Amino acid sequence: MAKNPKIQKEIIICLFLFFCLFSCFLLAQDTRTADNETNPLYEAQDEVLYKGPIHDFFARIDERKDYRYLLAFIFPLFLIMAVLPFLPAILELVRKKDDQPLYVNMDYSKDPRYFDHSFRDKLLANVKNVDQDRAFRVTLSKNEEVVEVCNAANVDDYKFGKNVLFLEGNADITTNMKFLKEVYVTCTTKLHENTILRGILSENDLKIAPHSTIVRWAGSEANIFVGYDCNLGVRCSCEKELWIDLDCQFKSLYGHPIFTHYDENAVLMKINEDQKDEIESEKDSFITKETNLTRIEFDESSDPLARQNIGEEEKEDELRTISDSCIVVRKGESTIPLNSKIDKDIIIKTDAFINRGTLIHGTIKCYGTLEMDDNVTVEGNIFAEKSIKIGANCRIWGDVFSQGSVYIGANTEIGSAGKDKSVIGKHKIRLCRNVKIHGYLLTEGGGKTVMSIGSIGKKEEKEDE
Amino acid sequence: MGMVILVSILRAYILVMAAILFTYTVRHFIFSINRSVGEQKLYYQDILDSDLPYVTVIVPMHNEELVAEHSMENIANTNYPKDRLEIIPIEDHSEDATLSILEQYSEKYDNIHPYVRDTGARGKPVGMNEVMEFAHGDIIIVFDADYLPPKGIIRDIAISFLDPEVGAVMGRVIPSNVSSNLLTKLLDIERTGGYQIDQQARYNLNLVPQYGGTVGGFRRQVALDLGGFNPSIITEDTELTFKLYQQGWKVVYANRAECYEEAPETWHVRSRQVTRWARGHCQVFFKAFFGMIKSNYLKPIEKIDGILLLSIYFIPLIMLVGLFVSLALFFLGKMNLFTSVFIFILVASYSSFGNAAPFFQMGSGILLDGGHMRARLLPMLLFSFTFYLWFISKGAFLAIIDTIFKRVPEWQKTQRFRKK
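Quick caveat: nothing in here was measured; it's all calculated off a predicted structure. Counting starts from 1 at the beginning of each chain's written sequence and moves along it residue by residue. Note on labels: chains are lettered from A, ligands numbered from 1, in written order. Since the coordinates come from a predicted model, pLDDT governs what is reported: local features require at least 70, and pairs of side-chain atoms require 80 or more to be given and counted, while whole-chain, interface and lining totals use all residues. Only heavy atoms go into the side-chain values, all of them from the structure, while hydrogens and water stay out.

### Describing the interface of chain B and chain A
Argument step 1. The contact definition used throughout considers only heavy atoms, calling two residues in contact when any of these lie within 4.5 Å. Contacts between the two partners involve 58 residues from chain B, matched on the other side by 55 residues from chain A.
Argument step 2. The term buried area refers to how much accessible surface (probe radius 1.4 Å) is lost by two components on association, counted for both of them together. Summing the contributions of chain B and of chain A, the shared interface buries around 4,800 Å²; its carbon and sulfur component is 59%.
Argument step 3. By convention in these notes, a salt bridge is any Lys or Arg side-chain nitrogen within 4 Å of a carboxyl oxygen on Asp or Glu. Applying the counting rule to chain B against chain A returns eleven salt bridges.
Argument step 4. Where Glu-165 of chain B meets Lys-349 of chain A, a salt bridge forms, and the shortest distance between an N and an O atom there is 2.9 Å.
Argument step 5. For this analysis, a polar contact is any N or O atom pair within 3.5 Å, provided that within protein one partner can donate a hydrogen and the other can accept it, and provided that sequence-adjacent residues contribute only side-chain to side-chain pairs. The interface formed by chain B and chain A contains 23 residue pairs in polar contact (both at pLDDT 80 or more).
Argument step 6. Secondary-structure elements contributing two or more residues to the side of chain B that touches chain A are helix 5 (153-158), strand 5 (166-175), helix 6 (182-204), strand 7 (250-261) and helix 14 (381-405) of chain B.
Argument step 7. Secondary structure follows DSSP: runs of H or I at least 4 residues long count as helices, runs of E at least 2 residues long count as strands, and numbering of each begins at the N terminus. Of the residues forming the side of chain B that touches chain A, the biggest block, four residues, is contributed by strand 7 of chain B.
Argument step 8. Residue polarity is assigned by list, with Asp, Glu, Lys and Arg as charged and Ala, Val, Leu, Ile, Met, Phe, Trp, Tyr, Cys and Pro as nonpolar; anything else, Gly included, falls into the polar class. Looking at the side of chain B that touches chain A, its residues break down into 24 nonpolar, 16 polar and 18 charged.

Here's what the structure looks like:
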């Protein structure tokens, strides 16, 4: 019984209500019993098989039109109905089975490499407890697991094993191997074709050959190179470069950068420094170089009606400035002309199309589908309530965030070296060849490296609508 | 003739009240369904970005010696980059050890700079207006003194301002002292319904989530451009919410940005708190109602939801008057509306599914949070319903008087219960 005086008061009130209810019931019973002996109805119904109180009750009402019995029946029933819902509440107040505050992880911080670091920290903290069987125990995901310590050269002996593996040395996991538990490797790891792993962390490079499957996560403190047609599970992250070949599936990636390189040989080689410098100089030369097309300035001083294709029926007063740094574009499908230059944030209330060669010094937010042609530069972030389609050879310096899907065309670069930026698409993400993302990529649906956005087909695009 | 007119007015009142209650019933039902089975909109917490904005964290305090140390310790230990963060606790006319506690933290941490107010009018809006003038942050994040912010919450709130349309962000409030007594348990359930279901559904449906002023943030310059906080309005957060919407900004809700708070542990303290909230919210109604209707930045559905949100603290007063009206009609023998049973059903459904909405919003919220046994406490909300019917009506009535007589309410703080 609870010792809390407040709850005791509440219980007393409930008991009082029950007392009243019980009293009413007793009153009804007494009344019925007193009348039973002189009730002609009972005499006449000797043959009746059931002479329960309910039968008596209604019979008495019919005969005598005596509604005291009705009240004596209805009132207690009402009390029962009224009090009944409180019974579980009182039980909960007494037993307190669920009276703790909702759990909030006070130490939570956004870490794309959480699985890797948490896994490694636990293993390294407990490896000193290794026993004579070269095994030790550690708690992973609330379950206690046995960790076997072994030489990485003998890894093939441990396939289909039920224990977590702690491999010392360079691991060369041969074809068609399957590991049901996580694997930690102290040096370089190479997975041959058709390997299936639950999770793996490699202290040095991790090389995943084609057709391999990572069920949960893969991590490396150096580089990761992924062959074609691999499934990278829930998360694949590394401290350096993450190279991915064609037809790979993923949900979350993290690397510096993430690079879709559709060349099986190149996947196994590091990117060279000369290639990086070319990409930087392309950006500078794109902005300043002369073109054959007339550059149209899209800024506040221009007459909005003189701009072509900015929604056929838009009027000047619909272009509203909600701040000194932002333009809002409404109505119709908004198309930003070829080679435009915009020096503000832009908010577009419907679908939008950004023509090639456009340069935007600011952030774009679109309430519909945002489609960008080739060779567009955005020195800011991109947000969309529906899908985002980025063309080829684009340069996005900020984040890409979509409540729909994200499609990124070939040779597009997002973010910059030394900084983390993100690409997030709720439904799915599709990356073409030579896409470079500096930082983080996440989708709730599925991510995939594809040959081209055009090959996806209209069906998938319609699914985003 | 006069009696006929009176009866007609009374009946019309009942019908209008029924229509209003039905509207809220439908609204909260839609929210519950959307949150339970509808598509959920992503919030921005998954964005990883090295270029975080400069943030100023403000913590208004008046006689907060019981809680100041806990909140300051949590805020100081945040993982937000220290070179992009300043913390300004506002010591506002305190008469206890609040200032000495803040001075200790100021000596220990370079980015904590207490702002002391011992002259001028007291109150959260006034203090925040003064701090906003010299704060360095592009973003202001506000925590109440009794809140316990987790390590990553400042980043989770600040990241949303990468979206150029976001003017303010509100996180989720979770009572930490749930196990204290029946009142705190009921408040926990109410918070679950209000945040996990109501706010999140409004965010999903692109309606009008509200900035609550206790675990959230806003753009400093935008707030200054909008005139800062009105010292005569005691719910400055509600006022900011509607000012932002009227000017084309958006308020987003961050369900992941969870923060513990201390819920009132006595009915007396709760009555003062809810009366204050009702009074302030209704004050904002009078100021923002026509602005919401006229705003060119809002879609019709946003205007409707905004007005329903603005009006919500008038509903208990409408219901209380409706009870007396129905009694009057009954004794006049004119309660022969075909809606008499209908009215009863609507009132009952409103008390179940409308503003309190226990079986839809709160029940759904409890299940989404993974709790089950606390759902058994839902019938106990009948007691708090009666309680709120009176005290919220009182607050709404006071707001009407404040508006008519241009009275400025006195600022009050909520009593704390944490042990030293």
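### Overview of the side chain of Asp-188 of chain B
All names here are of chain B.
Argument step 1. The residue Asp-188 is located in helix 6 in this model.
Argument step 2. Under the relative-accessibility criterion, Asp-188 is labelled buried at 3%.
Argument step 3. Setting aside residues no more than four positions away along its own chain, Asp-188 makes contact with Pro-175, Val-178 and Arg-374. The buried label applies to any residue whose accessible area, calculated with a 1.4 Å probe on protein chains only, is under 20% of its type's maximum; exposed applies above 50%, and partly exposed to all values in between.

### Things to note about the environment of Gly-371 of chain B
Argument step 1. Relative to the elements of secondary structure, Gly-371 of chain B occurs in the loop between helix 13 (358-368) and helix 14.
Argument step 2. With a relative accessible area of 9%, Gly-371 of chain B lands in the buried category.
Argument step 3. Excluding residues within four positions of it along the chain, Gly-371 of chain B makes contact with Asp-98 of chain A together with Ile-366 of chain B.

### A closer look at the pattern of salt bridges
Proximity of charged atoms lets side chains of opposite charge pair with each other.
Argument step 1. All chains considered together, the criterion is met by 41 salt bridges over all chains.
Argument step 2. In this structure, Lys-365 of chain A and Glu-165 of chain B form a salt bridge, with 3.0 Å as the shortest nitrogen-oxygen distance. With Lys-365 of chain A in strand 21 (residues 364-366) and Glu-165 of chain B in the loop between helix 5 and strand 5, the pair connects residues from two separate chains.
Argument step 3. Residue class for Lys-365 of chain A comes out buried when judged on its relative accessible area of 5%.

### Side note on the packing of helix 8 (residues 236-246) of chain B against helix 9 (residues 267-294) of chain B
Residues and elements named next belong to chain B.
Argument step 1. Contact pair helix 8 / helix 9: the axes reach a minimum separation of 9 Å and the direction vectors enclose 5 degrees. The angle between the axes of helix 8 and helix 9 places the two elements in the roughly parallel class. Residues Thr-238, Glu-239, Phe-242, Tyr-245 and Gln-246 of helix 8 form the contact with helix 9, whose participating residues are His-281, Val-284, Ala-288, Gly-291 and Met-292. A fitted line through C-alpha atoms represents every axis, and for helices the fit uses only the stretch in contact; the resulting angles, taken between N-to-C directions, go from 0 to 180 degrees. In what follows, roughly perpendicular refers to angles from 65 to 115 degrees, roughly parallel to angles under 35, roughly antiparallel to angles over 145, and oblique to any angle outside these ranges.

### Re the confidence of the model for chain A
Residues and elements named next belong to chain A.
Argument step 1. In this model, chain A carries a mean pLDDT of 76, and residues with pLDDT of at least 70 account for 66%.
Argument step 2. Note that residues 28-50 has pLDDT below 50 and, in this model, 25 contacts with residues that lie over four places away or in other chains.
Argument step 3. Across residues 270-323, confidence stays below pLDDT 50; counting only partners more than four residues off in sequence or on other chains, it has 83 contacts. pLDDT is defined as a per-residue confidence score from the predictor, taking values between 0 and 100.

### Some thoughts on the packing of aromatic side chains
How two aromatic rings sit relative to each other is set out by the distance from centre to centre and by the angle between their planes.
Argument step 1. Pairs were defined over the aromatic rings of Phe, Tyr and Trp, the Trp ring being its six-membered one, requiring ring centres within 6.5 Å. Orientation was assigned from the angle between planes: stacked under 30 degrees, edge-to-face over 60, tilted for the rest. Under the criterion given, the structure shown has 27 aromatic pairs over all chains.
Argument step 2. For the pair Phe-286 of chain B and Phe-314 of chain B, a centre-to-centre distance of 5.8 Å together with 75 degrees between the ring planes defines the contact as edge-to-face. Note that Phe-286 of chain B is positioned in helix 9 and Phe-314 of chain B in the loop between helix 10 (300-311) and helix 11 (315-331), a separation of 28 residues in sequence.
Argument step 3. Linked through ring pairs, Phe-119, Phe-136, Phe-166, Tyr-184 and Trp-217 of chain A together constitute an aromatic cluster.
Argument step 4. We call a charge positioned above a ring when the Lys NZ or Arg CZ atom is no farther than 6 Å from the ring centre and deviates by at most 35 degrees from the ring normal. Lying across the ring of Trp-397 of chain A, Arg-395 of chain A places its NZ or CZ 3.8 Å from the centre.
Argument step 5. Directly above the ring of Tyr-203 of chain B sits Lys-41 of chain B, whose terminal nitrogen or CZ lies 4.7 Å from the centroid.

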